[in-house]
Amino acid sequence: MLRPKPRLTALAAALLFLSALFAAPRPAAAGLSAREIMEHVDARDDGDNVTLQTEMVLIDKNGHQRERQIRAFMKDKGRDTWRIQFFVSPADVKDTGFLTYDYYSGEKDDDQWLYLPELHKTKRIASADKSSAFMGSDFSYADMNRRVLDEWTYKLLKEDEVDGHRVWLIETVPVNKTVEERYGYTKSVVFVRQDIFFPVRAVHWVKEGDRIKYMEVKKLEQIDGIWVATETQMRTTKNRQTQHSTILRWHDIRFNQEIDDELFTVRRLEKGL
Amino acid sequence: MLFPGKKLTAFLALLLVLVPFGAQAQNSELDDILSGFEEPAVSPAPENSGLDEVLSGFEEETAQGTATTPDASRLPDWLELSGGIGFSTSWTMGSSTPPAAAPNLDHHGLSRLRWSADLTADIALPAGWQARIGTKGFHDPVFALRGREDYPAQVLRRSESELELTESYLQGTLSPRLDIKSGRQIVVWGKSDNIRLTDVLNPLDNREPGMVDIRDLRLPVAMTKLDSYLGAWNLSGIVVHEPRFHKTPGFGSDFFAGTSPAPPEEIPATSWENQEYGLALNGHFQGWDLSLYGARIFDDMGHVAVTASGPRLVHNRITMLGAAANLALGNWLLKSEAAWFDGLEYSLPADSDRRLDLLLGAEYMGFPETVLSLEVANRHTFSFDPALEAAPVYGVEDDLQTVLRLSRDFRHDTVQLTLLLSIFGADGDGGSFERLTVRYELSDSLTATGGIILYQDGDRPLFRHSDQRDRLFAELRYSF
């Protein structure tokens, strides 16, 4: 459709907060504050120069499934991240490309360009709002990007256990209405594994629609010494009834690849893979 | 009157209802319907007292979805095929007066039963070079069904069947900073999505204005494009080898504006002398983009001139100098375009060969799953000769066009709704049309599209006697 898919944001790096990705195991740290725990989560090495393939399965409440395949590349530029993604399937979005310069600072809007093969045109996308759905999935743009640490307040609720691993449950609340609007959540509770500082679950209270979203890491693997959530589910519920869910799977993840800056340009976006 | 016509007023009312609708997000009535949210409204999000209940929600379901890997194609790695098969139909609600040459012609009722297909082969070549060969075609048995003898030959020739080469080119990199692409291709200039000012290189399929799918709107032409890159800048030099012009409705079509057939079209031969030229400088920067354009081309519209062979529709050379820029501000994208045309000629004798087109536009993406855009353009003819107001030019000194578009996704991008309103003239006196389209994704490869398009009469050539063209339309398309 002509409509620019404004929400095609960066899948790959997305994982940063979602899975808060990569880090070597650490001993459980006793006596840390909620903020300190989240600083550890945020400080993970996110494995620069990454290439991967993404499979996204969208499942409606009747179990009907749709599938998206994406090739993604990302590169860190200081705290900023450059990403380029190409849709491989389904056929009607094939060759659509999305280029993002994701600026860590919440003060600066990301630069985003979308190449639409049907239009034969590269279109700039202006969207400071991160709360919309990413490609129709249950993940929002906010879910797919690293959160700015200082834009949230943190409170340690309790400790618990998930799949045999000790976790902290940390409540995060936007520091102001602007941040709340941008992310679309009134608050979240994040389950952080104590041994590796990895968020394996999260519950998000959605600002609009009386919905609650459940994020859960279904598969966690160590690749090149880096912890990666290779399968993650996001489920949207209302009145405790699942409305829709999305499964993200990452394949062929490679770190520290030789990726030239030239890949992250409109030139490449228009030429395709 | 600001917006004449009940249809237009009703359409605007619908638009006004839907815009705030976007702001209400998922809890509004229409959204509920389209999203299939059948649950009654619930109380606000639980407080901390209910936290344990909320957190226990992980136990309810396990991950679904089959673990899949990309399909193993039977094709060799260097070859990729894509395409689709479609069936589209339309129903014309009005009934226009038939031309004298085809007195039995009645456009009312079934006006399309079109089968279409397209196939594209992408070939990976050594050293990163790529080739594409594309073709598409259609056949519409509606003419046979309704009686071919009632239709003028020009309508049948232009609308019954077609088979043509689409994008077919070779592209590659000559040096680290130099790309080349040669063959039939589409090159889009400008920042506007709805109004063409600087986008002059490819002609359009105007056989059924407002009805043509965006996939098929621009016609590819044979050209060679050299792109050089330096930092944020790109300089693009283009030579168009193939003189190709708009596809227009045939005499007898309800979209044909005149009362008698247009004279034969004189298409310049493909020769060295008839090459067209274009130059573009594009820059992409933090928060904004800029493009400058220059082109020496044939006028796609053409004009009627008396030649040694008699009256002919000829295409003279024109020059276009243009610029386009956009600026991203939060959820807003501001757009502007300017195009200066020199060398314009008309079907009436007049000394008004220069025109300045200006466009301002804004796009807002702050409503959930919604894009709202407004574009306004004015085409000002310098030294306007009042003689141009007569038939068949029906010219105006300042030709204002306003386009409003609303696109919104529902049900996790399964349903897409688009409302488009295009008005000519400051008060709509030039004519207008409105289109409502709903696209439903039945599966990953099957989509159904339906909608309605309404036309209002106006004094621009395209809209004269246009209010009988209103159509309902639908399409089913399988893509692979």
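Worth saying up front: this structure is predicted, and the values here are computed from it rather than measured. All residue numbers refer to positions counted from 1 along the written sequence of the respective chain. Written order determines the labels here, with chains lettered from A and ligands numbered from 1. pLDDT decides what is reported in this predicted model: residues at 70 or higher carry local features, side-chain atom pairs at 80 or more are listed and counted, and totals for whole chains, interfaces and linings draw on all residues regardless. Hydrogens and waters are ignored; side-chain quantities use all the structure's heavy atoms.

Engineer: Before we go on, may I ask you to explain the overall build of chain A in this structure?
Structural biologist: In terms of helices and strands, chain A carries 4 helices and 13 strands. Buried, partly exposed and exposed residues are distinguished by accessible area as a fraction of the type maximum, computed with a 1.4 Å probe on protein chains only: under 20%, between the cut-offs, and over 50%, respectively. Across the 273 residues of chain A, 68% fall into the buried class. Working definition of accessibility: Shrake-Rupley area with a 1.4 Å probe, residue cover restricted to the visible protein chains. Surface exposure of chain A reaches about 9,100 Å², of which carbon and sulfur atoms provide 45%. Secondary structure elements follow DSSP: runs of H or I of four or more residues count as helices, runs of E of two or more count as strands, with numbering from the N terminus.

Engineer: Just to check I follow, could you spell out the overall build of chain B for this structure?
Structural biologist: Of the regular secondary structure elements, chain B holds 6 helices and 22 strands. By sequence separation, contacts in chain B at least 24 residues apart represent 59% of the contacts at least 6 residues apart. Accessible surface computed for chain B: about 22,000 Å², of which carbon and sulfur atoms make up 61%. In this analysis, two residues are considered to be in contact whenever any of their non-hydrogen atoms come within 4.5 Å of each other.

Engineer: How should the packing of aromatic side chains be read in this particular structure?
Structural biologist: Two numbers describe a pair of aromatic rings. These are the distance of the centres and the angle of the planes. Residues and elements named next belong to chain B. When two rings of Phe, Tyr or Trp (its six-membered ring) have centres within 6.5 Å they constitute a pair, described as stacked for plane angles under 30 degrees, edge-to-face for angles over 60, and tilted for the intermediate range. All chains considered together, the criterion is met by 19 aromatic pairs over all chains. With a centroid separation of 4.7 Å and an interplanar angle of 50 degrees, the aromatic rings of Trp-332 and Tyr-364 are classed as tilted. With Trp-332 in strand S15 (residues 332-342) and Tyr-364 in strand S16 (residues 354-364), this residue pair connects regions lying 32 residues apart in the sequence. By relative accessible area, Trp-332 is classed as partly exposed at 42%.

Engineer: Could you clarify how one ought to interpret the pattern of salt bridges in this entry?
Structural biologist: Pairing is possible between side chains that carry opposite charge, provided their charged atoms lie close to one another. Here, a salt bridge means any side-chain nitrogen of Lys or Arg that lies within 4 Å of a carboxyl oxygen of Asp or Glu. Applying the stated criterion across every chain yields a total of 61 salt bridges over all chains. Linking Asp-102 of chain A and Arg-83 of chain A is a salt bridge whose minimum nitrogen-to-oxygen distance equals 2.9 Å. Of this pair, Asp-102 of chain A sits in strand S4 (residues 97-102) while Arg-83 of chain A sits in strand S3 (residues 80-89), and the two are 19 residues apart along the sequence. In terms of burial, Asp-102 of chain A and Arg-83 of chain A fall into one category: buried. When the shortest N-O distance is used, the salt bridge between Arg-244 of chain B and Glu-164 of chain B registers 2.9 Å. Taken together, the positions of Arg-244 of chain B in the loop between strand S8 (233-240) and strand S9 (265-266) and Glu-164 of chain B in strand S4 (residues 161-165) put the pair 80 residues apart, joining distant regions of the chain. What makes Arg-244 of chain B buried here is its relative accessible area of 14%. Beyond isolated ion pairs, a larger network of salt bridges with shared partners links Lys-94 and Asp-95 of chain A together with Glu-80, Asp-122, Arg-132 and Glu-167 of chain B.

Engineer: Sorry, what's going on with the side chain of Thr-92 of chain B here?
Structural biologist: Counting through the fold element by element, Thr-92 of chain B comes out in strand S1 (residues 79-92). Those residues within four positions of Thr-92 of chain B in sequence are excluded, and the remaining contacts are His-107, His-108, Gly-109, Ser-111, Asp-254, Gln-468, Arg-469, Asp-470 and Arg-471 of chain B.

Engineer: Even after reading the chapter, I still don't get the environment of Ser-236 of chain B, so can you show me in this structure?
Structural biologist: Residue and element names in this part refer to chain B. With respect to the helices and strands, the residue Ser-236 is situated in strand S8. Here the alpha-carbon distance between Ser-236 and Pro-386, two residues 150 residues apart in the chain, equals 39 Å. Between N or O atoms, a polar contact is any pair within 3.5 Å; within protein, one atom must be a potential hydrogen donor and the other a potential acceptor, and residues adjacent in sequence are included only when both atoms are from side chains. In this structure the side chain of Ser-236 is engaged in a polar contact, spanning 2.9 Å, whose partner is the side chain of Asp-227.

Engineer: Quick question: what am I supposed to make of the nonpolar core here?
Structural biologist: In a soluble, globular protein the nonpolar side chains are often hidden away together inside. Within this scheme, the nonpolar core is defined by two criteria: the residues are buried Ala, Val, Leu, Ile, Met, Phe, Trp, Tyr or Cys, and they are joined through side-chain atoms within 4.5 Å. Within the largest apolar cluster, 40 residues are counted, with the highest numbers of intra-cluster contacts made by Phe-191, Phe-198, Val-203, Ile-253 and Phe-255 of chain A. Those elements that provide at least two residues to this core are strand S1 (50-60), strand S2 (65-77), strand S8 (165-174), strand S9 (185-193), strand S10 (198-206), strand S11 (212-223), strand S12 (226-238) and strand S13 (241-254) of chain A. Leu-201, Met-223, Phe-255 and Phe-473 of chain B belong to the second-largest nonpolar core, a separate cluster that totals 32 residues.

Engineer: I tried to follow a nonpolar patch on the surface on my own but got confused; where do I start?
Structural biologist: All names here are of chain B. Taken together, the side chains of Leu-75, Leu-81, Ile-85, Trp-115, Leu-119, Tyr-478 and Phe-480 define a hydrophobic patch exposed on the protein surface, amounting to about 640 Å² of accessible area. Within the residue set of the nonpolar patch, elements represented by two or more residues are S1 and strand S2 (109-124). By secondary structure assignment, the location of Ile-85 is in strand S1. A residue counts toward a patch only above 30% relative accessible area and without a salt bridge, and it is joined to like-charged neighbours within 9 Å or, for Val, Leu, Ile, Met, Phe, Trp and Tyr, to nonpolar neighbours within 5 Å.

Engineer: Teacher, can you tell me more about the sheet that holds strand S13 (residues 310-314) of chain B here?
Structural biologist: Across a sheet, strands are paired by hydrogen bonds formed along the backbone, either parallel or antiparallel in direction. All names here are of chain B. Any two strands are treated as partners once DSSP identifies two or more bridges connecting them. An order of S9-S13-S12 is seen for the 3 strands of this open sheet, with the pairing classed as mixed. A strand with exactly one partner marks an edge of an open sheet, and here the two such strands are S9 and strand S12 (303-307). Pairing between S9 and S13: 2 bridges, direction parallel. If you follow Glu-266 over to S13, its bridge partner there is Val-314.

Engineer: Got a minute to help me understand unusual backbone geometry in this structure?
Structural biologist: Residue Ser-89 of chain A is joined to Pro-90 of chain A through a cis peptide bond whose omega torsion reads 5 degrees. Mapped onto the elements of the fold, Pro-90 of chain A is located in the loop between S3 and S4. Following Ala-391 of chain B, the chain continues to Pro-392 of chain B via a peptide bond in cis, the omega torsion being 0 degrees. As for its placement among the helices and strands, Pro-392 of chain B is situated in the loop between strand S17 (370-381) and strand S18 (398-410). Positive phi values are uncommon outside glycine, yet His-120 of chain A reaches one of about 55 degrees. At Met-135 of chain A, a residue that is not glycine, the phi angle is positive and equals roughly 55 degrees. Among the secondary structure elements, Met-135 of chain A is positioned in the loop between strand S6 (121-125) and strand S7 (152-162). Among the residues examined, Met-135 of chain A registers a relative accessible area of 5% and is labelled buried.

Engineer: Which parts of the structure should I look at to understand the confidence of the model for chain B?
Structural biologist: Close inspection of predicted coordinates is inappropriate for parts of the model with low pLDDT. All names here are of chain B. Across chain B, pLDDT averages 87, with 85% of residues at or above 70. pLDDT measures how confident the predictor is about each residue, on a scale from 0 to 100. In this model, residues 14-48 is a region of pLDDT below 50 whose contacts with residues beyond four sequence positions or in other chains number 62 contacts. Here the prediction assigns the complex a pTM of 0.85, and the interface score ipTM is 0.84.

Engineer: I tried to follow the environment of Gly-458 of chain B on my own but got confused; where do I start?
Structural biologist: Residues and elements named next belong to chain B. Tracing the backbone shows Gly-458 in the loop between strand S21 (446-456) and strand S22 (471-479). Put simply, Gly-458 and Gly-425 are 33 residues apart on the chain and 8.9 Å apart in space, counted from C-alpha to C-alpha. Setting aside residues no more than four positions away along its own chain, Gly-458 makes contact with Asp-429, Gly-430, Gly-431, Phe-463 and Arg-464.

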